[in-house]
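Structure at a glance
The lines below spell out each chain.
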Amino acid sequence: MAVHLVSYLKDQFTPGVIDQLSTELSEPPERVAKIVQGVIPTLLGGLTRRVQASGGASAVYSFLEKGDYGKTPFDVGQVTDTHQETIETVSAGRDFLETVFGDKLNQTTELIGTFSGARAESVRVVMSLAGSVLMGVLGRQEQEKGLTSHSLKTLLAGQATLFRTALPAGLASVGSLLDFDELETPAGPPTAVQGADNFSGTVVNPNIPKSPDGDRQRENVRWLRWAMVLMAILVAALIVQKCSENQNSVDGVSTDSTARVEPNAVEDTSAATKNSVLESHGQVADSTAPGALGIRDDKPANVADVITQVELPGGRKLKLAERSFNGRLARFLASKPQRLDRTFTFENLTFDIGSAKITAESQQNVNDLVEIMKAYPTMTIKVEGHTDNTGNADTNLQLSRDRAASVRTALVTAGISGDRVTTQGYGDSQPLATNDNAEGRQRNRRIDVAVTKI
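Residues numbered from 1 in each chain as written. Predicted model: local features only at pLDDT ≥ 70, side-chain atom pairs only at ≥ 80, totals over all residues. Heavy atoms only, no water.

1. Section: the overall build of the chain
Here is the rule: Strands are runs of DSSP state E lasting at least two residues, helices are runs of H or I lasting at least four, and both sets are numbered from the N terminus onward. Exposed residues in this analysis have more than 50% of their type's maximum accessible area, buried residues have under 20%, and partly exposed residues fall in between, with area computed by a 1.4 Å probe over protein chains only. Each accessible area value is a Shrake-Rupley result obtained with a 1.4 Å probe; residue values ignore everything except the protein chains displayed when judging cover.
Across its full length, the chain holds 15 helices and 8 strands. With 454 residues in all, the chain has 48% of them scored as buried. Surface summary for the chain: the accessible area is close to 21800 Å², and the carbon and sulfur share equals 53%.

Printed below as a string of structure tokens:
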């Protein structure tokens, strides 16, 4: 018996997990449950149709082959306890969904959203979580037990009818979009099982067939591990030898720990941030972008950034990371600039998934901005919201407006006069990077702050 995929994924979404996702997504539990009802057969059926298409099995297998599954959860319940774990898993799962559904992903999630009464973004979160777990099951099978593109196709075809019949009647539009009428399990005797676990007592036929490639792959892995150990020993020996040498300017190795950046050099300081945050690189001239105010200053803080005490006008003192949003803003204001031509990305500000609610861990960053604005009582700012292009453009525009307004509300609640903060949402109309991959979409989801008066 092989992994019964429908039952396995259904078992992921226990009542406890449904309740946690309900809170995370700000959706009623019954809507989340209905999302799950539609997502599971859609995901499995969509994957089956993908591998049945010309070149599809090889494409999916290639994607699985490149994956690192050390942090991929075995079940959804492992990653719904905290916001950070949830968004990291969602991010990983979305790449898998794009491989499975391609340009039909947005329409698919919108149809399930209509069926469940939930937002399309909530559907994408649930589907990404299920996709991450499914990706982990198949990926580990490929890396540890010799799954091939042929046996992947055989496994899915063996359960194709189950996927089609599990699709709710209200999602006939999804079935039509993805050609589910072609999902039929071929008749035939069971084949030998290669490393499959018995997740349920239901016999699924055919199972993952044995392949001599699996034995060869396991042997190659053993040799690779030994080679890596030997290489690590060699590298360690070289490091020890290098450290024992006299490193000074005479020997041609500088002992100055302060790196000098050439005038024309570009410093790449990108660092991954949360679901609704921009990740940017250096200072980028952006004066040609619609609505831009000039030079972008969007170097994000990172774990190695220096924490310094910044003294503000009026005697206020803040401890800020030098390259954080507030650190860069404070230095800009202290320089008494003649031109207000810089837009800052609030990269350490995050929101709950698919909503405009600022996360609790971002509150200190908001508080620091409040202190800076109090130290410059005539200063006014414009808060600009941006999204990636995932989902409906009108929905993205409204979300960007809501998030910009949420920042304004937080500032006003903390005592900043409302006439000092204006807002605008641009939706997905002003991307800074491609929306064709997860990294680019993450960079495009951002809050920008422009100083309009000091």
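Don't stop here, the text continues.
2. Considerations on the pattern of salt bridges
Applicable threshold: Any Lys or Arg side-chain nitrogen found within 4 Å of a carboxyl oxygen on Asp or Glu counts as a salt bridge.
Counted by the stated rule, this structure contains 11 salt bridges. Here Glu27 ties to Arg31 by a salt bridge, and the two come within 3.7 Å at their closest N and O atoms. Owing to a relative accessible area of 4%, Glu27 belongs among the buried residues under this scheme. The exposure class of Arg31 is partly exposed, given its relative accessible area of 35%. Residue Asp448 pairs with Arg446 through a salt bridge whose shortest N-O separation is 3.2 Å.

3. Here we look at helix H4 (residues 56-65)
For the record, the criterion: Along the arc lie the directions from the helix axis toward the C-beta atoms.
For H4, every residue scored as buried is listed here: Gly56, Ala57, Val60, Tyr61 and Leu64. Summarising the axial view, the buried residues of H4 lie within an arc of 125 degrees, below the 170-degree limit, and thus occupy one face.

4. Remarks on the packing of H4 against helix H5 (residues 83-101)
Rule in force here: Note on method: axes are straight lines fitted to C-alpha atoms, helices fitted across the in-contact stretch only, with angles between N-to-C directions ranging 0 to 180 degrees. By the definition adopted for this analysis, an angle is roughly parallel if under 35 degrees, roughly antiparallel if over 145, roughly perpendicular if from 65 to 115, and oblique otherwise. Each helix crossing is assigned a hand: it is left-handed if the near helix lies turned anticlockwise from the far helix by less than a right angle, otherwise right-handed if that turn is clockwise. Whether two residues are in contact is decided by their heavy atoms, any of which lying within 4.5 Å being enough. Residue type decides the class: Asp, Glu, Lys and Arg count as charged, Ala, Val, Leu, Ile, Met, Phe, Trp, Tyr, Cys and Pro as nonpolar, and the leftover types, Gly among them, as polar.
Packing of H4 against H5 leaves a shortest axis separation of 10 Å and a crossing angle of 165 degrees. Between H4 and H5, the crossing angle belongs to the class labelled roughly antiparallel. Where H4 crosses over H5, the handedness of that crossing is right-handed. Where H4 abuts H5, its residues Ala59, Val60, Phe63 and Leu64 lie against Asp95, Phe96 and Thr99. Across the contact of H4 with H5, the residue classes tally to 5 nonpolar, 1 polar and 1 charged.

5. A short note on the pairing of strand E4 (residues 317-321)
Note the following rule: Strand pairing is assigned whenever DSSP identifies at least 2 bridges connecting the two strands.
Where strand E3 (residues 307-311) and E4 come together, 5 bridges link them in antiparallel fashion. Among the inter-strand pairings, Thr308 is bridged to a residue of E4, identified as Leu320.

6. Some remarks on unusual backbone geometry
With a phi angle near 60 degrees, Asp179 is a residue other than glycine that sits in the positive phi range. With respect to the helices and strands, Asp179 occurs in the loop between helix H10 (172-177) and helix H11 (212-244). Phi angles above zero are rare outside glycine, and Lys336 is one such case at about 50 degrees. What makes Lys336 exposed here is its relative accessible area of 67%.

7. What about the pairing of strand E6 (residues 380-386)?
Applied cut-off: Here the term right-handed applies to a crossover when the path leading from its first strand over the helix to its second strand runs clockwise, the strands being oriented away from the viewer.
E6 sits mainly inside the fold: 7 of its 7 residues count as buried. Because side chains alternate across E6, one face comprises the buried residues Thr380, Lys382, Glu384 and His386, and the other comprises Ile381, Val383 and Gly385, equally buried. When E6 meets strand E8 (residues 446-453), the two strands line up antiparallel, connected through 7 bridges. Bridge pairing links Gly385 to Ile447 in E8. Relative to strand E7 (residues 421-425), E6 runs parallel, the two being bridged by 5 bridges. If you follow Lys382 over to E7, its bridge partner there is Thr422. Crossover E6 to E7 through helix H14 (residues 393-413) is right-handed.

By themselves, these observations are geometric and do not establish any function.
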